[in-house]
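Overview (structure and organization)
So the chains spell out like this:
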Amino acid sequence: MAVDPDDEALSWGDESDPSHAAAPSADAVEADGTASGSLALVAYGIFAGLYLLYTIGWVLASIRNPIPVGGILPVILYQFGEFLAIVSPALWAGSVAVFTRHKRPATRVVWLLIGALVLIPWPFIA
């Protein structure tokens, strides 16, 4: 029986070769946590977009609110507070990424959810 050249084109080599590595089965992927890792990656993307919208909301809120009139110290402190409000979503996301590096993805998602609730730009919404 002759070997079909099309079958050879679909082969990755000899499976009896010691350097051959087979792909994991679907059951091994599920047990390994890759599916939950994919869900976590989607959640990270959603939170990244939400935090970007929060940053834009804080920028727009700081543009709408006038700077208070008074001495130099109150003006500096007010502008510093505006700066902290604008960068707070990025600081929160970075802190969660650093401090939950060796935790489960669910722990990181919970902390990102807490940040999404805490960092809402209320001056922009109201």
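These lines cover the structure that appears in this document, whether it is placed above or below. None of the values given here were measured: they were computed from a predicted structure.

The subject of this paragraph is the overall build of the protein chain. Helices and strands together make up the secondary structure of the protein chain, namely 6 helices and 0 strands. The order of α-helices and β-strands along the protein chain, N terminus first, is α-α-α-α-α-α. With 126 residues in all, the protein chain has 18% of them scored as buried. Within the protein chain, residue pairs in contact and separated by at least 24 positions form 68% of the contacts whose partners lie at least 6 positions apart. About 9500 Å² of surface is accessible on the protein chain, with carbon and sulfur atoms providing 71% of the total.

This next bit is on helix α4 (residues 72–99). The axis of α4 is deflected most strongly, by about 50°, at Val87, and proline Pro89 appears within four residues downstream. Taken residue by residue, α4 has Val75, Glu82, Ala85, Ser88, Pro89 and Val96 as its buried positions.

With that settled, consider the packing of α4 against helix α5 (residues 105–118). Packing of α4 against α5 leaves a shortest axis separation of 10 Å and a crossing angle of 160°. Judged by the angle between their axes, α4 and α5 are roughly antiparallel. As α4 runs across α5, the sense of the crossing is right-handed. Of the residues in α5, those touching α4 at Trp92, Ala93, Val96 and Ala97 are Arg108, Trp111, Leu112, Ile114 and Gly115. Along the lines of polarity and charge, the residues of the contact of α4 with α5 split into 7 nonpolar, 1 polar and 1 charged.

Here we come to the nonpolar core. Membership of the largest hydrophobic core is limited to 8 residues, which are Phe47, Tyr51, Tyr54, Val96, Leu112, Ala116, Leu119 and Ile120. Elements supplying a minimum of two residues to this core: α3 (34–64) and α5. When residues of this core are assigned to their parent elements, the largest contribution, 3 residues, is made by α3. Excluding anything up to four places from it in sequence, Leu119 contacts Tyr54, Trp58, Ser88, Pro89 and Trp92.

Once that is clear, we can look at the side chain of Ser62. Topologically, Ser62 is positioned in helix α3. Excluding residues within four positions of it along the chain, Ser62 makes contact with Glu82 and Ile86.

Turning to the side chain of Thr100, a few remarks are in order. For Thr100, the location among the structural elements is in the loop between α4 and α5. Those residues in contact with Thr100, other than ones at most four positions away along the chain, are Arg108 and Trp111.

Take the packing of aromatic side chains next. Taken as a whole and assessed by the stated rule, the structure comprises 3 aromatic pairs. Between the aromatic rings of Tyr51 and Tyr54, the centroid separation amounts to 6.2 Å while the plane-to-plane angle is 35°, which identifies the pairing as tilted. With Tyr51 and Tyr54 both in helix α3 and 3 residues apart, the pair spans about one turn of that helix. On the basis of relative accessible area, Tyr54 is assigned to the buried category, the value being 11%. Joined through ring pairs, the aromatic side chains of Phe47, Tyr51 and Tyr54 make up one cluster.

Calculation rules
- Residues numbered from 1 in each chain as written.
- Predicted model: local features only at pLDDT ≥ 70, side-chain atom pairs only at ≥ 80, totals over all residues.
- Heavy atoms only, no water.
- Helix = DSSP H or I, 4+ residues; strand = E, 2+ residues; numbered from the N terminus.
- Buried < 20%, exposed > 50% of the residue type's maximum accessible area, 1.4 Å probe, protein only.
- Contact = heavy atoms within 4.5 Å.
- Areas by Shrake-Rupley, 256 points an atom, 1.4 Å probe, with all protein chains shown as cover.
- Bend = angle between axes of the 7 residues up to and from the residue.
- Axes fitted to C-alpha atoms, helices over the stretch in contact; angles between N-to-C directions.
- Parallel < 35°, antiparallel > 145°, perpendicular 65-115°, else oblique.
- Left-handed = near helix turned anticlockwise from the far one by under 90°.
- Nonpolar A, V, L, I, M, F, W, Y, C, P; charged D, E, K, R; others polar.
- Core = buried A, V, L, I, M, F, W, Y, C linked by side-chain atoms within 4.5 Å.
- Phe/Tyr/Trp six-rings, centres within 6.5 Å; stacked < 30°, edge-to-face > 60°.

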